[in-house]
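# Working through the structure, step by step
The residues making up each chain are set out below.
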Amino acid sequence: YRCTSMDHREKPHIALCLHCSLIQIPKNEQPANLGELYEGTVDELYLDNEHGRQVTFAKAFFHMEKYLPSSGRFLEIGAYCGLFLRLIKDKGWKTEGVEPSGWAVDIAKNRFGVNIHQGTLADNKERLGSDFNAAAAWDVLEHVQDPYSLLCDINFHLSDGGVLAFSTLDFDNWFPRFFLKWWPWLMPMHLHYFSRAILKRWLHHAGFKILEVRRYQHFVTLGYFWEKIINILPRWLGPVMNGVSPLVQKHFLIKVSF
């Protein structure tokens with residue numbers, strides 16, 4: 001359940017609800033100890049791509065910033081190691097975050113100096129209050145057991161006119177439709193897969209007005225991207241790819257927007 005998992009061989013069973021069009025791993029096949037899995041997550045590879053993540057978050061905030069005041073209170077859900085919150089803090093915002101992984105919270109506090117509470121948003125409801133000017137949830141909705149309730153909970157913590165930015169999987173995109181069961185982001189840790197239609201409906205019912213929809217762009221090192229490719233391709237191609245690896249300029253940043 002690491003953010004930078006390279007395990008693309010195990011594919012979950014997913015089902016389409018013919019009533020609401022939500023695609024999900026059936027409830028009885030989701031881990032009963034999901035909270036424990038995330039609390040115990042250790043992800044040593046995550047910071048190997050620190051520069052790429054800094055660029056990713058800077059671009060994401062650039063697109064969000066035009067809807068925000070110059071400063072205020074900012075909440076991040078699923079803050080992980082705190083790289084995004086450190087960026088927001090450096091821009092003069094008062095920041096808080098929530099994150100289940102004890103390993104990630106420790107890095108966020110001790111290495112990056114940001115205020116992150118361990119646990120879920122629901123665990124920290126009373127502590128956080130309801131006057132945040134902005135919130136972000138990057139690649140979080142697909143991981144939680146009740147994403148609609150999470151949207152409602154986030155709105156509770158926002159002040160009137162508060163802004164939420166989030167990214168998640170778009171199952172109606174050409175990429176998953178083309179690759180089908182070989183789609184790299186079809187993973188056991190992703191419990192839900194969304195269409196834009198269902199997200200639009202949920203956001204409306206959760207009290208939000210959509211301001212902008214755009215592609216979310218990840219910036220990763222070519223070395224990280226190359227390792228991903230090796231783990232996605234058929235095993236017999238592995239020796240060929242590994243043979244070419246010494247020629248790859250692994251420190252270069254590339255943009256991924258599927």
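Everything discussed here concerns the structure shown above.
Read on for a plain summary of the structure. Model, not experiment: these values are computed from the prediction. (Residues numbered from 1 in each chain as written. Predicted model: local features only at pLDDT ≥ 70, side-chain atom pairs only at ≥ 80, totals over all residues. Heavy atoms only, no water.)

This part is about the sheet that holds strand β2 (residues 23–24). Across the sheet, three strands lie side by side as β1-β2-β8; this open sheet has antiparallel pairing. Unpaired on one side and paired on the other, β1 (15–16) and β8 (192–193) mark the two borders of the sheet. Sheet topology note: the β1/β2 ladder contains two bridges and is antiparallel. Within β2, the position partnered with A15 by the bridge is Q24. (Pairing = 2+ DSSP bridges. Helix = DSSP H or I, 4+ residues; strand = E, 2+ residues; numbered from the N terminus.)

Looking now at the packing of aromatic side chains. Throughout the structure, instances matching the rule amount to 18 aromatic pairs. Seen in terms of ring centroids, F84 and W138 are 5.5 Å apart; in terms of plane orientation they differ by 85 degrees. Their pairing is edge-to-face. You can see F84 sitting in helix α3 (residues 83–90) and its partner W138 sitting in strand β6 (residues 132–138), a full 54 residues away along the chain. Neither F84 nor W138 differs from the other in exposure class; each is buried. Sitting over the ring of F132, R73 keeps its end group 3.9 Å from the ring centre. A cation over an aromatic ring shows up here: K125 above the ring of F156, its NZ or CZ 4.5 Å from the ring centre. (Phe/Tyr/Trp six-rings, centres within 6.5 Å; stacked < 30°, edge-to-face > 60°. Buried < 20%, exposed > 50% of the residue type's maximum accessible area, 1.4 Å probe, protein only. Lys NZ or Arg CZ within 6 Å of the ring centre and 35° of its normal.)

This next bit is on the nonpolar core. Grouped together as the largest cluster of nonpolar side chains are 29 residues, with contacts concentrated most on Y46, F61, M64, L68, F74, C81 and F84. At the level of secondary structure, the elements contributing two or more residues to this core comprise α2 (50–65), α3, α4 (102–110), β6 and β7 (158–167). With five residues, the single largest contributor to this core is α4. I77, L121, L128 and A206 belong to the second-largest nonpolar core, a separate cluster that totals 23 residues. (Core = buried A, V, L, I, M, F, W, Y, C linked by side-chain atoms within 4.5 Å.)

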